[in-house]
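Given next are the chains, with one letter for each unit.
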Amino acid sequence: MMAYFLDGQNLFRPKLYIGDVDTVEISSFEEELRMVIKKKYPNQETVFLAKEVDLYGTQYVKGMIVSAGHCSGLPDFYKILNIVVNFEKVSFVTRKLSSWFIEHYRSYQLIDSSYTDIEILDPEALLLRVHINPKLIRKVKLTKTPESVQQLKDELREKLELDGEFSVQYEDPDFGEALCNLMDIAELPAEKAVLHVLWNNDKTPSPPRSHTSSSISSLDSASISWPSSSHSTPAIWTYMRNVSKWPTPFLIPSFSYGVELKLRKGNDIFEKTGTGLSVTRDMKMEILDKLAQEIFALKAYPEKYEIESVASELVSKHPCLKEPGGGTGYDGWTTSIKYKLGNYRSKLRQAGCNEVSVNRKRRKDEDADEGRFTLKKPKRGEINHVPDYPENYDDDALEDQRCLLVDAMKKKGKDMELIRQKMDLTFSLRRKEIVEVEPMVLEIQERWPALFLEEQARHFLFKNLFLLGDEDSIVCEEFYRVTTKDLLGTFRAALDKYSPRLLKLYRARKAAFGQDMDNLLEKLDEQTSNIELHRRSTSLEGLPIFVRENSKKLFLTCLVTDPEDGQTKGVKMGILTVLDDDDSTSLPTVVNIAIVLEEAIALTDLPDLPTAFAYLFGLLYALNMEFPKEHKYTFEAVQHIFMELSTSCSQRVRSLKTKLLL
């Protein structure tokens, strides 16, 4: 029996309404339920459980029976065991029910069975618009996100009744909805996506695949070419990662035929007798070598929990490898993978891999102080930290290209197309120099002036005023190369989402933050024009105050008549707003907004404070600069909550995130 709880339509009601929420530690659940939730949320120790939620006008409660998916044309039914709320995303912990269709009653008989697996369903998992051919476009809703591209194809075959072999392309929002081949399911946009089916035949070959059909390698070779450019530049192959999140679950690659045969027989014996496989040294070395290659393709320096997820999936796929005795059954594999990955990095360092070569210990470092050596690895969600040089380019060749870039910057009429080409080509040299040498900002401005191109700020101002469409700024492009995220698009979307909630928090708790928060909110209330922009600016200016940091050291102000040296002296990092010194009005006029880094003006003529903050955040990644200690939690909140570049955060930021959710 199915029950639907429908509420009356209310235009002012949010799509999601959550009742009482309890915080529960994952470790307190029973083993089967704990493993399922931990697999869904590998980086969390606690989850939020709700007794009931309203989603798009439908009320869902524990014990309710829902239909999701189908098998052989008949619907599958699930019973809701728990409702998990995770940052405005609702998931149902369910157990599948056995069902039979009774012809006489035109209904289904459902039986609750403890032998079926517990599954997590996402009611808003994925909505697809599928272009089958120019005259046939279908809408498809998936209740469970596919775990692989092949599983997505199987779903499309079943739901759309497709026959024959085909490939899938998707419209990439990061590149203005341009089509890209779908090689990894992690590349697919969340919640909504537009797909194009490409039929494979003799005249239309299928797109090339990576190492094997089960490979998860994301260290792809990409061609950089500019066919429409007025500058004749041949295609250049470079090697960049394109997966921004650690895959869950980690897809275990295929091994050699001999190893796969032993594993298959070992799994059969383990299923019958519970006896594990005796792994030989050669077999273990091959398994570890293959896993190390796949891990490095995703991340050179994975976290501990990420290595554990690989070992867990290895034992899950091949139960015969489970270690006897107590514990998880894969602790030994976790340790072996960790050390094998270290050995693999050593081999790559000897081969000249940039990302690990920057961490080689030099004699002068050893003589100076052993304890001062710091591992230069991605710490804030960087995907392409120090990529390898493009094919057929070395230090000298890239240095020549850098000199051409500097010459192009000296011209009065700058060729932005050429500048973008050279910035793209020299990215690997620039990252190696910035990460390995750690130069001062003034030195980077001298060697890479295009990163601080003022024309990009002026262009952005005109683009906002006259709604002109054009390419992203140099800072945005550099941020995308490092993180594969759209700087301004992601930041603005998050700011629009969280600004009302932040302002609500500020007003509710302003008594706890003294006069600074009062003054900030009073200034907002006095505004009479462009209210939305002032609300966004106030939500950003209040963020340091809310996390108990000094807002005045980050958001600086001065008068247009103040001496230029005094405006930036002693400023390590901040946003400088230059005001008109005319006192005739209560609200001063903003003359200029600039970004200051290490007492130097990095960017100026920025259109508004939110844009300036986004550019400052992008420059910190482009220049590989640490977050300032006095504003550590402010930037961590933007990194974790706004940009979603990290999976873990401090307790202070986690508390803010929880308040924004409730």
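This report concerns the structure included in the present document. (Residues numbered from 1 in each chain as written. Predicted model: local features only at pLDDT ≥ 70, side-chain atom pairs only at ≥ 80, totals over all residues. Heavy atoms only, no water.)

Observations regarding unusual backbone geometry
At step 1: A cis geometry characterises the amide bond from Thr 248 onward to Pro 249, with omega recorded as 0°.
At step 2: If you check the backbone angles, Asn 530 has positive phi at about 50° while not being a glycine.
At step 3: Assignment of secondary structure puts Asn 530 in the loop between helix H16 (514-525) and helix H17 (531-546).
At step 4: For Asn 530, a relative accessible area of 49% gives the class partly exposed. (Helix = DSSP H or I, 4+ residues; strand = E, 2+ residues; numbered from the N terminus. Buried < 20%, exposed > 50% of the residue type's maximum accessible area, 1.4 Å probe, protein only.)

Thoughts on the sheet that holds strand E13 (residues 136-142)
At step 1: Sheet architecture is open: 5 strands sit in the order E13-E12-E16-E14-E15, paired in mixed fashion. Looking along the sheet, the strands with just one partner apiece sit at the ends: E13 and strand E15 (178-181). Geometrically, the sheet is characterised by an average inter-axis angle of 30° between neighbouring strands, direction not taken into account.
At step 2: Inspection of the sheet shows strand E12 (residues 126-133) paired to E13 by 7 bridges, in the antiparallel sense. Within the sheet, the bridge partner assigned to Leu 127 lies in E13 and is Lys 141.
At step 3: Here helix H2 (residues 149-160) sits on the sheet and contacts E12, E13, strand E14 (166-172) and strand E16 (191-199); the angle it forms with E13, its principal contact strand, is near 115°. (Pairing = 2+ DSSP bridges. Axes fitted to C-alpha atoms, helices over the stretch in contact; angles between N-to-C directions. Contact = heavy atoms within 4.5 Å.)

Description of the packing of helix H10 (residues 416-425) against helix H14 (residues 474-483)
Helix packing for two helices is described by the angle between their axes and how far apart those axes are.
At step 1: Between H10 and H14, the least distance of the axes is 11 Å, while the angle of their chain directions is 25°. For the element pair H10 / H14, the angle class is roughly parallel. Between H10 and H14 the crossing geometry is right-handed. Counted together, Met 416, Ile 419, Arg 420, Met 423 and Asp 424 of H10 and Ile 474, Glu 477, Glu 478 and Arg 481 of H14 form the full contact between these two elements.
At step 2: Tallied by class, the residues present in the contact of H10 with H14 amount to 4 nonpolar, no polar and 5 charged. (Parallel < 35°, antiparallel > 145°, perpendicular 65-115°, else oblique. Left-handed = near helix turned anticlockwise from the far one by under 90°. Nonpolar A, V, L, I, M, F, W, Y, C, P; charged D, E, K, R; others polar.)

Things to note about the sheet that holds strand E22 (residues 600-603)
At step 1: Spatially, the 4 strands line up as an open sheet ordered E19-E20-E21-E22, and their pairing is mixed. Each edge of the open sheet carries a strand with a single partner, namely strand E19 (555-559) and E22. Ignoring strand direction, the axes of neighbouring strands in this sheet form an average angle of 40°.
At step 2: Sheet analysis places strand E21 (residues 590-597) next to E22, joined by 3 bridges and oriented antiparallel. The partner of Val 596 across the bridge, within E22, is Ile 601.
At step 3: In this fold helix H19 (residues 609-622) packs onto E19, strand E20 (573-579), E21 and E22, with an angle of close to 15° to the strand it touches most, E21.

Considering a positive patch on the surface
At step 1: Positive charge collects at one region of the surface, where Arg 509, Arg 548, Lys 632, Arg 652 and Lys 659 lie side by side.
At step 2: Looking at the element boundaries, Lys 659 is found in helix H21 (residues 651-661). (Patch = residues over 30% accessible without salt bridge, like charges linked within 9 Å, V, L, I, M, F, W, Y side chains within 5 Å. Areas by Shrake-Rupley, 256 points an atom, 1.4 Å probe, with all protein chains shown as cover. Salt bridge = Lys/Arg side-chain N within 4 Å of Asp/Glu carboxyl O. Lys, Arg positive; Asp, Glu negative; His and termini not counted. Charge placed at Lys NZ, Arg CZ, Asp CG, Glu CD.)

Remarks on the pattern of salt bridges
At step 1: In total, this model carries 20 salt bridges according to the counting rule given.
At step 2: One salt bridge connects Lys 38 with Glu 45, and the closest N-O pair in it is separated by 3.7 Å.
At step 3: Taking the relative accessible area as the measure of exposure, Glu 45 reaches 60% and is therefore exposed.
At step 4: For Asp 424, the salt bridge identified is with Arg 481, shortest N-O distance 3.1 Å. With Asp 424 in helix H10 and Arg 481 in helix H14, the pair connects residues that are 57 residues apart, well separated along the chain.
At step 5: Overall, Arg 481 belongs to the buried group, its relative accessible area being 8%.
At step 6: Overlapping salt bridges bring together Arg 420, Asp 424, Arg 430, Glu 477, Glu 478 and Arg 481 as one network.

So, helix H20 (residues 632-642)
At step 1: Within H20, 9 of the 11 residues are buried, leaving the element largely enclosed by the surrounding structure.
At step 2: What H20 keeps buried is the set Thr 634, Phe 635, Glu 636, Ala 637, Val 638, Gln 639, His 640, Ile 641 and Phe 642.
At step 3: At its buried positions, H20 is contacted by helix H15 (487-508), H17, E20, H19 and H21.
At step 4: Once H20 finishes, Glu 644 follows within two positions and takes phi at roughly 55°, a positive value.

As for the packing of aromatic side chains
At step 1: Tallied over the full model, the rule gives 16 aromatic pairs.
At step 2: Relative to Phe 613, the ring of Phe 555 lies with its centre 6.1 Å away and its plane at 25°, an arrangement referred to as stacked. A residue pair is termed long-range when its members are at least 10 positions apart, and Phe 555 in strand E19 and Phe 613 in helix H19 qualify at 58 residues.
At step 3: The exposure class of Phe 613 is buried, given its relative accessible area of 0%.
At step 4: Taken together, the aromatic side chains of Phe 479, Phe 491, Tyr 498, Phe 555, Phe 613, Phe 617, Tyr 621, Phe 627, Phe 635 and Phe 642 make up a single cluster linked through ring pairs.
At step 5: A cation over a ring is seen here: Lys 338 above Tyr 339, with NZ or CZ 5.7 Å from the ring centre.
At step 6: Here the guanidinium or amino end of Arg 380 rests over the ring plane of Tyr 621, the centre of that ring lying 4.6 Å away. (Phe/Tyr/Trp six-rings, centres within 6.5 Å; stacked < 30°, edge-to-face > 60°. Lys NZ or Arg CZ within 6 Å of the ring centre and 35° of its normal.)

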